[in-house]
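Next come the chains, spelled out residue by residue.
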Amino acid sequence: QKEVEQNSGPLSVPEGAIASLNCTYSDRGSQSFFWYRQYSGKSPELIMFIYSNGDKEDGRFTAQLNKASQYVSLLIRDSQPSDSATYLCAVNFSGGYNKLIFGAGTRLAVHP
Amino acid sequence: DVKVTQSSRYLVKRTGEKVFLECVQDMDHENMFWYRQDPGLGLRLIYFSYDVKMKEKGDIPEGYSVSREKKERFSLILESASTNQTSMYLCATRGGRPDTQYFGPGTRLTVL
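In this text the structure is predicted, and so the values were computed from the model without any measurement.

Visitor: So what about the interface of chain B and chain A? Which residues, and what values?
Guide: The interface is formed by 22 residues belonging to chain B together with 18 residues belonging to chain A. Both faces combined, the contact of chain B with chain A buries some 1,600 Å², and carbon together with sulfur accounts for 58% of it. Of all residues in chain B, B:Arg94, B:Pro98 and B:Phe103 bury the most surface against chain A, accounting for 27% of the area lost on that side. Across the contact surface, chain B and chain A share zero salt bridges. If you look at where chain B meets chain A, you find five residue pairs in polar contact (both at pLDDT 80 or more). Where the side of chain B that touches chain A is concerned, the elements lending two or more residues are β4 (31-38), β5 (42-51), β9 (87-95) and β10 (100-103) of chain B. Considering each element in turn, the side of chain B that touches chain A owes the most residues, five residues, to β5(B). Looking at the side of chain B that touches chain A residue by residue, the class counts come to 12 nonpolar, six polar and four charged.

In C-alpha cells form, the structure reads like this:
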C-alpha cells in the first residue's frame, strides 16, 4: 500500500514564528518529493521540491529530506497570515506510472 | 509556465444528467489526471491518461468515464450525475521542470 501520511492539523502558529510541517511515506525507493500549497477554494500550487537528503532553501521555505527515516518536512520561517493554507506533501513512488501520491494535507493557521 | 485550464469554475447539474468536464493543457505533457477533492478526504484519483486514447483507472473510477482524443485535452464524464458526486474536480498534467503535477483551477460541481 502506497501511503503518504500527514497530520491534518490545524497547526496554529503566531505571526513571525516558524511553522514546521511533517510528512512520512511508505516507499523506501521514492526519489522525488514535493510540497504544494492550497488556499481554500483554490487548486494546489507547487512551492518546493527536493530530491536529495538534507535541506533545500527557497526564501522563507526550507524543505528537509531524510530518506533513511522516510521523512520529509517543510519549514516556513517568519510565518505570515498569508501562509494560512493547507499544505500537501506529494511523493513520486518508485515503479508504476508517473503519478504522485499525495498526503491528505496539513492545515496551517497563522494568527496575528 | 504550465497552463492548465478547466471548462468551468462552477457547475450546477441535476441528478441523472450527463456531465462533461473538460481540461486543456498547453505544455505538450503526455500524462493527465482527474481528481476529486472532498473535505477530510484529500485528493482522490479518478482516472489518468498517459497518452492519447489511453486511460487507466485510479482509486475511485466508479460512476465516471474519460476521453482523450487529443493530447492537450482530457475530459471527465459523469454518465448519470448523482448527489454524491458533488465535489471539487481537479485536472492535472505531469511533466515540466521539475517533473511533477500541475493543476488546473478546479471545477466545483454541485449535483441537485
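Visitor: Give me the pairing of β4(B): which residues, what numbers.
Guide: All names here are of chain B. Judged by how many residues are buried, β4 sits mostly within the fold: eight of eight residues are covered. The alternating pattern of β4 places Asn31, Phe33, Tyr35 and Gln37 on one face and Met32, Trp34, Arg36 and Asp38 on the opposite face, and all of these are buried. Where β4 lies against β9, seven bridges are found, and the strand directions are antiparallel. Looking at the pairing, Asn31 lines up with Arg94 of β9. For β4 and β5, the ladder comprises seven bridges, and the chain directions are antiparallel.

Visitor: For the nonpolar core, give the residues involved together with the corresponding values.
Guide: A general trend in soluble globular proteins is that nonpolar side chains are found buried together. Counting residues in each nonpolar core, the largest one holds 25 residues, and the members touching the most others are A:Val4, A:Trp35, A:Val72, A:Leu74, A:Ile76 and A:Tyr87. Mapped onto this core, the elements with two or more residues apiece are β3 (19-25), β4 (32-38), β5 (45-50), β7 (61-66), β8 (71-76), β9 (85-92) and β11 (106-111) of chain A. In this view, A:Ile76 contacts A:Ala17, A:Ile18, A:Ala19, A:Leu21, A:Arg60, A:Phe61, A:Asp83, A:Tyr87 and A:Leu108; residues no more than four positions away in its chain are not counted. If you look at the next biggest cluster of nonpolar residues, it comprises 20 residues, including B:Val19, B:Cys23, B:Ala81 and B:Val111.

Visitor: Could you give me a rundown of the layout of surface pockets, with the residues and numbers involved?
Guide: In this structure, the largest pocket occupies an estimated 490 Å³ of space. What lines the largest pocket is a set of 21 residues, among which A:Gln38, A:Thr86, B:Gln37, B:Pro39 and B:Gly40 lie closest to the centre. Within the lining of the largest pocket, the residues separate by chemical class into six nonpolar, 11 polar and four charged.

Visitor: Describe in detail the pattern of salt bridges, supporting the description with residues and values.
Guide: All names here are of chain B. By the definition in use, this model includes 10 salt bridges over all chains. Where Arg73 meets Glu22, a salt bridge forms, and the shortest distance between an N and an O atom there is 2.8 Å. One end of the pair, Arg73, is in strand β8 (residues 73-78); the other, Glu22, is in strand β3 (residues 19-25), and 51 residues separate them in sequence. Notably, a salt bridge pairs Lys71 with Asp28, separated by 3.1 Å at the nearest N-O pair. Of this pair, Lys71 sits in the loop between β7 (64-70) and β8 while Asp28 is found in the loop between β3 and β4, placing the two residues 43 residues apart along the sequence. The structure contains a network of salt bridges with shared partners spanning Arg36, Asp38 and Arg44.

Rules used throughout
Per-chain numbering applies: the sequence of each chain, read as written, is numbered from 1 onward. To read the labels, note that chains go from A and ligands from 1, taken in the order they are written. Since the coordinates come from a predicted model, pLDDT governs what is reported: local features require at least 70, and pairs of side-chain atoms require 80 or more to be given and counted, while whole-chain, interface and lining totals use all residues. The basis for every side-chain value is the complete set of non-hydrogen atoms in the structure, without hydrogens or water. Contact between two residues is taken to exist if any of their heavy atoms lie within 4.5 Å; hydrogens are not considered. Accessible-area loss on putting two parts together, using a 1.4 Å probe and summing over both, is the definition of buried area adopted here. Any Lys or Arg side-chain nitrogen found within 4 Å of a carboxyl oxygen on Asp or Glu counts as a salt bridge. Between N or O atoms, a polar contact is any pair within 3.5 Å; within protein, one atom must be a potential hydrogen donor and the other a potential acceptor, and residues adjacent in sequence are included only when both atoms are from side chains. Starting at the N terminus, helices and strands are each numbered in turn, a helix being any DSSP run of H or I of at least four residues and a strand any DSSP run of E of at least two. Here the nonpolar group is Ala, Val, Leu, Ile, Met, Phe, Trp, Tyr, Cys and Pro; Asp, Glu, Lys and Arg are the charged ones; every other residue, Gly included, is treated as polar. Each residue's exposure class comes from its accessible area (1.4 Å probe, protein chains only) as a fraction of the maximum for that residue type: buried when under 20%, exposed when over 50%, partly exposed otherwise. Two strands pair under a simple rule: DSSP has to find at least two bridges between them. Only buried Ala, Val, Leu, Ile, Met, Phe, Trp, Tyr and Cys residues count toward a nonpolar core, and they belong to the same one when joined by side-chain atoms within 4.5 Å. Space inside and on the surface of the protein is sampled on a 1 Å grid over the protein atoms alone, with a cavity defined as a set of points where a 1.4 Å probe fits but cannot get out and a pocket as an open set with protein on both sides within 12 Å along at least 5 of 7 lines; lining residues have an atom within 4 Å of a point. Grid points are joined across faces, edges and corners, and a volume is the space filled by probe spheres set on the points.

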